[in-house]
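A closer look at the structure
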Amino acid sequence: MAFPRKPVLAGLGFFGTLLVAFGAMTAISWWRGDGAGNGTAVALAPDDAAVVAEGAKIYAANCASCHGADLEGQPNWRERKADGKLPAPPHDRDGHTWHHPDVQLFHLVKNGLPKTVGDQPYLTDMPAYAGILTDAEIVAVLSYIKSRWPADIRRSHDELNDRLAGYNPN
């Protein structure tokens, strides 16, 4: 089944566009090694059935309550709640997860968003999973999420990882 392609930033609104732009700008810092990622290489395994199965279990136990059993996210995820926090975004093709490279996704889950973006104030309910999930479990969860994306989105995400893997500021 083919899905109509929308421009990436269409319908995101000001805050959504700002979040995507900020993510794109900060992604380079992780690969340079001056952000929370310290240049760490992370590779997801969406085609490894055992890793994906483990990731599905971990996702169900730790992520689905906010991000949805089908990766659908919370309603109105682009609009701030009364407490100033954004609802949990979807991790399917309609979300922005696939706009971020593997290493950035890994560090967002492990260290939390505020620390990953340089301890900037950022209101979120998303906890940091360091000390809760192992690195391998985080990779498994992200591999499960990626395994659920359509082929075109997976290709786009692979291309993003490939572009950033060749980046060397020296």
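Here's what I pulled together on the structure shown here. Worth saying up front: this structure is predicted, and the values here are computed from it rather than measured.

1. Considerations on the packing of helix α4 (residues 102-111) against helix α6 (residues 135-147)
Axis separation between α4 and α6 bottoms out at 10 Å; the angle between their running directions is 120°. Here α4 lies oblique to α6, going by the angle between them. In the crossing of α4 with α6, the sense of the turn from one axis to the other is right-handed. Judged by residue contacts, D102, L105, F106, V109 and K110 of α4 engage D135, I138, V139, L142 and K146 from α6. By residue class, the composition of the contact of α4 with α6 is six nonpolar, no polar and four charged.

2. A word on helix α7 (residues 151-165)
For α7, with 15 residues, the first-to-last C-alpha span of 21 Å sits near the 21 Å given by 1.5 Å per residue. Those residues of α7 that fall on the buried side of the exposure criterion are I153, R154, H157, L160, N161 and L164. End-on, the buried residues of α7 take up no more than an arc of 120°, which puts them together on one face. Projecting away from the buried face of α7 at angles above 90 degrees are the exposed residues A151, D162 and R163.

3. As for the packing of aromatic side chains
Going through the model one piece at a time under the given rule, you end up with one aromatic pair. For the pair Y59 and Y144, a centre-to-centre distance of 5.5 Å together with 50° between the ring planes defines the contact as tilted. On the criterion of sequence distance, the pair formed by Y59 in helix α2 (residues 49-62) and Y144 in helix α6 is long-range, its members being 85 residues apart. Across this residue pair, the class does not change: Y59 and Y144 are buried.

What counts and how
Residues numbered from 1 in each chain as written. Predicted model: local features only at pLDDT ≥ 70, side-chain atom pairs only at ≥ 80, totals over all residues. Heavy atoms only, no water. Axes fitted to C-alpha atoms, helices over the stretch in contact; angles between N-to-C directions. Helix = DSSP H or I, 4+ residues; strand = E, 2+ residues; numbered from the N terminus. Parallel < 35°, antiparallel > 145°, perpendicular 65-115°, else oblique. Left-handed = near helix turned anticlockwise from the far one by under 90°. Contact = heavy atoms within 4.5 Å. Nonpolar A, V, L, I, M, F, W, Y, C, P; charged D, E, K, R; others polar. Expected span 1.5 Å × (residues − 1). Buried < 20%, exposed > 50% of the residue type's maximum accessible area, 1.4 Å probe, protein only. Arc of directions from axis to C-beta. Phe/Tyr/Trp six-rings, centres within 6.5 Å; stacked < 30°, edge-to-face > 60°.

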